[in-house]
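As a plain string of letters, each chain reads:
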Amino acid sequence: MPLAIIVCLLTILLSGPVAAAEAEPTETRPSQVDPEVLAVVFSGAEILHYAVSWSGGLKIGDIYMDIHKQQGREDAYAISAKVKDYGPLEVFYPVDDRFVCFVSGPMKLPYRYEVEQKEGFGKKITRLTRYDQDKRMVWYRKNKEEEQQFELTGSVYNEFASFIITRALVLREGEPIVVPTFADRKRHEVQVSLVNREERETMFGKKATLVVQPKMEFKGLYEKSGNTTLWLTDDRCRVPVEIHSRIVIGSLVAELVDYSNPACPELTKAKNR
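The rules we used
- Residues numbered from 1 in each chain as written.
- Predicted model: local features only at pLDDT ≥ 70, side-chain atom pairs only at ≥ 80, totals over all residues.
- Heavy atoms only, no water.
- Helix = DSSP H or I, 4+ residues; strand = E, 2+ residues; numbered from the N terminus.
- Buried < 20%, exposed > 50% of the residue type's maximum accessible area, 1.4 Å probe, protein only.
- Contact = heavy atoms within 4.5 Å.
- Core = buried A, V, L, I, M, F, W, Y, C linked by side-chain atoms within 4.5 Å.
- Disulfide = S-S within 2.5 Å.
- Phe/Tyr/Trp six-rings, centres within 6.5 Å; stacked < 30°, edge-to-face > 60°.
- Lys NZ or Arg CZ within 6 Å of the ring centre and 35° of its normal.
- Polar contact = N/O pair within 3.5 Å; in protein donor to acceptor, adjacent residues only side chain to side chain.
- Salt bridge = Lys/Arg side-chain N within 4 Å of Asp/Glu carboxyl O.

Engineer: Looking at this structure, how should I read the overall build of the protein chain?
Structural biologist: Across its full length, the protein chain holds four helices and 14 strands. Scored against the burial criterion, the 273 residues of the protein chain give a buried share of 53%. In the protein chain, once contacts between residues fewer than 6 apart in sequence are set aside, the share between residues at least 24 apart is 52%.

Engineer: Quick question: what am I supposed to make of the nonpolar core here?
Structural biologist: Within the largest apolar cluster, 61 residues are counted, with the highest numbers of intra-cluster contacts made by Met65, Val239 and Leu256. Ranked by residue count, the leading element in this core is helix H4 (residues 159-167), at five residues. With near-sequence residues (within four places) excluded, Leu256 lies in contact with Leu48, His49, Tyr50, Met203, Phe204, Val239, Pro240 and Val241. If you look at the next biggest cluster of nonpolar residues, it comprises five residues, including Ala76, Ala78, Val100 and Phe102.

Engineer: Please clarify how the state of the cysteines should be interpreted in this entry.
Structural biologist: Two cysteines, two sulfur atoms, one covalent bond between them: this is a disulfide. All chains considered together, the criterion is met by one disulfide. One disulfide in the model links Cys237 with Cys264; its S-S distance is 1.7 Å. Between Cys237 and Cys264, the disulfide has an S-S torsion of 100° and is therefore right-handed. Highlighted residues: Cys237 in the loop between strand S12 (224-233) and strand S13 (240-247) and Cys264 in the segment after strand S14 (250-260), separated in sequence by 27 residues. The pair formed by Cys237 and Cys264 is uniform in burial state, with each residue classed as buried.

Engineer: Help me out: how do you make sense of the packing of aromatic side chains in this one?
Structural biologist: Aromatic ring pairs are defined here through the distance separating the ring centres and the angle between the ring planes. One pass over the full model with this rule turns up six aromatic pairs. Geometrically, the ring pair formed by Phe42 and Tyr77 is edge-to-face, given 5.1 Å between the ring centres and 65° between the ring planes. On the criterion of sequence distance, the pair formed by Phe42 in the loop between helix H2 (35-41) and strand S1 (45-54) and Tyr77 in strand S3 (residues 76-85) is long-range, its members being 35 residues apart. Three or more aromatic residues link up through ring pairs in this structure, and these residues are Phe99, Tyr113 and Phe160. Between Arg73 and the ring centre of Tyr111, over which it is positioned, the NZ or CZ distance is 3.7 Å.

Engineer: Would you mind showing me how to read the side chain of Thr228 here?
Structural biologist: Secondary-structure assignment places Thr228 in strand S12. In terms of polar contacts, Thr228 uses its side chain to reach the side chain of Ser245, at 3.1 Å.

Engineer: Would you mind going over H4 with me for this structure?
Structural biologist: Turn by turn, an α-helix covers 3.6 residues, leaving residues three or four places apart pointing in a common direction. Among the nine residues that make up H4, nine are buried, leaving the element largely enclosed by the rest of the structure. For H4, the complete set of buried residues consists of Glu159, Phe160, Ala161, Ser162, Phe163, Ile164, Ile165, Thr166 and Arg167.

Engineer: Explain the pattern of salt bridges here, please?
Structural biologist: Pairing between side chains of opposite charge can happen when their charged atoms approach one another. Evaluation of the coordinates by the stated rule reveals 14 salt bridges. Note that Arg130 is salt-bridged to Glu147, the shortest N-O span being 3.0 Å. Within this pair, whereas Arg130 is found in strand S6 (residues 123-132), its partner Glu147 is found in the loop between strand S7 (137-142) and strand S8 (148-151), the two being separated by 17 residues in sequence. Overall, the relative accessible area of 28% leaves Arg130 in the partly exposed class. One connected set of salt bridges, linked through shared partners, spans Glu27, Arg136, Arg187 and Glu189.

This is how it looks when you write it as structure tokens:
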């Protein structure tokens, strides 16, 4: 239960199908991505910290993310995340999960994804996914099981890479953009839409935000009862300041509580926070 509650905000953000794949796969095009925003996001020194609560009240964990330059490979970056439970859950069911997604190229597509999950007392799970975007192939291995191979119809992101590339999309109301995502052993074409613009209280004070929703029709790790919603700052930094995901037994809320990016000095923590 703690793992599903805390990790789901990372592992299901854009991992669900919206429709059956068409004969001609839809790709996220370079013209649909804002190069200025992408440069800020992939400055090589962005750090984000989210406090995760259940139904906006009880804090149940923390998510720490950072995006840094990957040494030894040109134009490659690592998106790292660490998930820790909080409070009573830490005593009864400790969680220490780490995720690293390596991306490269102008569209920041993944080429390697490593997962290490330590849950409960003594339980450890490792997962490795490798991507060959040119050959449209994915290889997946869990623990020491035999590696599985999957053929794709087009390029793919994964849950981390799709979450990050969504920040740089050129979104307009009524014009969804498809972000192809590999999840549940197949390629899904996830539609991401701008549903509203609104002012919202954030760690930076009151900010203009873009309200963004990936359209997901799936169960995933648990029974969902509504879409996931992201609030992104409406500026060149496009920082996700809040994430909501409805579930049958309430909702999950991730609120940004700490942020650092030298490429975005205009966003600083409000003094009254």
